[in-house]
Amino acid sequence: VQLQASGGGLVQAGGSLRLSCAASGRTFSSYARAWFRQAPGKEREFAAAINWNGRNTYYGDSVKGRFTISRDNAKNTVYLQMNSLKPEDTAVYYCAAKASNFGLGSLTPDDMDYWGKGTQVTVSS
């Protein structure tokens, strides 16, 4: 089972990036999917989550209104559209999956069942 995040890079403040997280080895269509991020010297932080059918989404306060999470179950992939990026968004972004679709509004890293390797996002001022 593998979650592979991609789409990170260097962008100027105010710009946009779209992250993707493709899953392989099993289907995650019934799983909740989420994005977390971790800046240097800081704890891993919840960014966004989406339930199994995409009808319910949840965001951390620091990204609300700027980031949008979505999913395509046919492709076993989840996305994170990041707009109006700020230097404080600089972090390694990790995708994750959770078998249960409960409690998505208050996720912590310990809640997740599968993790992908991160992708670096750097926002220059």
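Here's a quick rundown of the structure. All values derive from a computational prediction rather than experimental measurement.

**A few points about the state of the cysteines**
Moving on, step 1. Going through the model one piece at a time under the given rule, you end up with one disulfide.
Moving on, step 2. For Cys21, the disulfide goes to Cys95, at an S-S distance of 2.1 Å. Its torsion about the S-S bond being 55°, the disulfide of Cys21 and Cys95 is classed as right-handed. One end of the pair, Cys21, is in strand β3 (residues 17-24); the other, Cys95, is in strand β9 (residues 91-98), with 74 residues separating them in the sequence.
Moving on, step 3. On the accessibility criterion, Cys21 (0% relative accessible area) is buried.
Moving on, step 4. You can call Cys95 buried: its relative accessible area is 0%.

**Description of the pairing of strand β4 (residues 32-38)**
Side-chain positions along a regular strand alternate between the two faces of the sheet.
Moving on, step 1. For β4, the buried fraction is high: six of the seven residues fall into the buried class.
Moving on, step 2. One ladder, built from seven bridges, connects β4 with β9; its direction is antiparallel. Bridge pairing in β9 links Gln38 to Val92.
Moving on, step 3. When β4 meets strand β5 (residues 45-50), the two strands line up antiparallel, connected through five bridges. Within β5, the residue paired with Ala34 across the bridge is Ala49.

Conventions we followed
Residues numbered from 1 in each chain as written. Predicted model: local features only at pLDDT ≥ 70, side-chain atom pairs only at ≥ 80, totals over all residues. Heavy atoms only, no water. Disulfide = S-S within 2.5 Å. Helix = DSSP H or I, 4+ residues; strand = E, 2+ residues; numbered from the N terminus. Buried < 20%, exposed > 50% of the residue type's maximum accessible area, 1.4 Å probe, protein only. Pairing = 2+ DSSP bridges.

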